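# Examining the three-dimensional arrangement
Next come the chains, spelled out residue by residue.
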Amino acid sequence: VPTWFLACASVPPPATLVVAAEAGSTVFHQRLVVDLPREAAAWATCASPDDPEELHLAEASPATHHEIMVRGLLADTHYTCTVHADDATGAVDFTTGDAPELPSLTVTGEGPISGAYTITNNQDGCFGADTWLLITDPEGRPRWAYGIGDGYVADIDAYLVDDHTVHYGGGWGLMSDAAS
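Here the structure is a predicted model, which is why all the values come from computation and not from measurement.

## A word on the pattern of salt bridges
According to the stated counting rule, one finds 7 salt bridges in the structure shown. Arg-31 is paired through a salt bridge with Glu-22; the nearest N and O atoms lie 3.8 Å apart. In this structure, Arg-31 engages Glu-67 in a salt bridge whose closest nitrogen and oxygen atoms are separated by 3.3 Å. Of the two residues, Arg-31 sits in strand S2 (residues 29-48) while Glu-67 sits in strand S3 (residues 51-71), which places them 36 residues apart along the sequence.

## Notes on the state of the cysteines
Enumeration according to the criterion identifies 1 disulfide in this entry. In this model, Cys-46 is linked to Cys-81 through a disulfide, with the two sulfur atoms separated by 2.0 Å. What sets the handedness of the Cys-46 and Cys-81 disulfide is the S-S torsion sign, and at about 115° it is right-handed. In this pair, Cys-46 sits in strand S2 while Cys-81 sits in strand S4 (residues 78-85), placing the two residues 35 residues apart along the sequence. There is no split in this pair, since Cys-46 and Cys-81 are both buried.

## A closer look at unusual backbone geometry
In this model, Asp-76 sits at a positive phi of 50°, which is unusual for a non-glycine residue. Inspection of the secondary structure assignment puts Asp-76 in the loop between S3 and S4. Owing to a relative accessible area of 54%, Asp-76 belongs among the exposed residues under this scheme.

## Let's talk about the confidence of the model for the protein
Close inspection of predicted coordinates is inappropriate for parts of the model with low pLDDT. Averaged over all residues, the pLDDT of the protein is 75; the fraction at 70 or higher stands at 63%. Mean pLDDT per element in the protein: helix H1 (residues 3-7) is the minimum at 48, and S4 is the maximum at 93. Here residues 171-180 is a poorly scored stretch, pLDDT under 50, and it has 18 contacts once near neighbours within four places are set aside; other chains count.

## A few points about the pairing of strand S1 (residues 18-23)
Here S1 pairs with S2 via 6 bridges, running antiparallel. Along S2, the bridge assignment pairs Val-19 with Val-34. Connecting S1 to the next strand, S2, in antiparallel fashion are 5 residues.

## Details of the side chain of Ser-48
Locating Ser-48 in the fold gives a position in strand S2. Every residue in contact with Ser-48, bar those within four places of it in the chain, is listed here: Glu-54, Thr-77, His-78 and Tyr-79.

## A few points about the environment of His-56
Within the secondary structure layout, His-56 lies in strand S3. For His-56, a relative accessible area of 13% translates into the label buried. At 2.7 Å, the side chain of His-56 and the side chain of Glu-54 are in polar contact.

Conventions we followed
Residues numbered from 1 in each chain as written. Predicted model: local features only at pLDDT ≥ 70, side-chain atom pairs only at ≥ 80, totals over all residues. Heavy atoms only, no water. Salt bridge = Lys/Arg side-chain N within 4 Å of Asp/Glu carboxyl O. Helix = DSSP H or I, 4+ residues; strand = E, 2+ residues; numbered from the N terminus. Disulfide = S-S within 2.5 Å. Buried < 20%, exposed > 50% of the residue type's maximum accessible area, 1.4 Å probe, protein only. pLDDT = per-residue confidence, 0-100. Contact = heavy atoms within 4.5 Å. Pairing = 2+ DSSP bridges. Polar contact = N/O pair within 3.5 Å; in protein donor to acceptor, adjacent residues only side chain to side chain.

What follows is the structure, encoded as structure tokens:
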């Protein structure tokens, strides 16, 4: 094969990204829709310009159509997401919706409650009145919420303390550090 032929072989054009943001199943999720002219892996970095520590990474396997779910977002927060695929990028801005009306929870004590992401139930009164499952971040801000509905009871408390310790329990009390 002549070398001039190899030099003139067709090279596919760079990927052109079309990125759209669609609301996820809750205000804490966002779906990034990405269409590519050829199959490629895609990944997204999403950040809040108002909070430099609020950074998310999501990725998808090779395909021409991607629906990248970004989860664990804060409610009522502006985000800018940059999507990468091959040698191309695209960006989209969005603001998450307001948090759902959750029953109020008051915890008193000394020091931080857990310092970790925590999954727990939150219900308005006992025995199934407006029950929610929640995941909160170390600052106590909701990152995921699911309304179970009236008449159902959830009873779970668990949080990751470090790479080797999980506190878990239930009922209407919190475990001490000694109960790991």
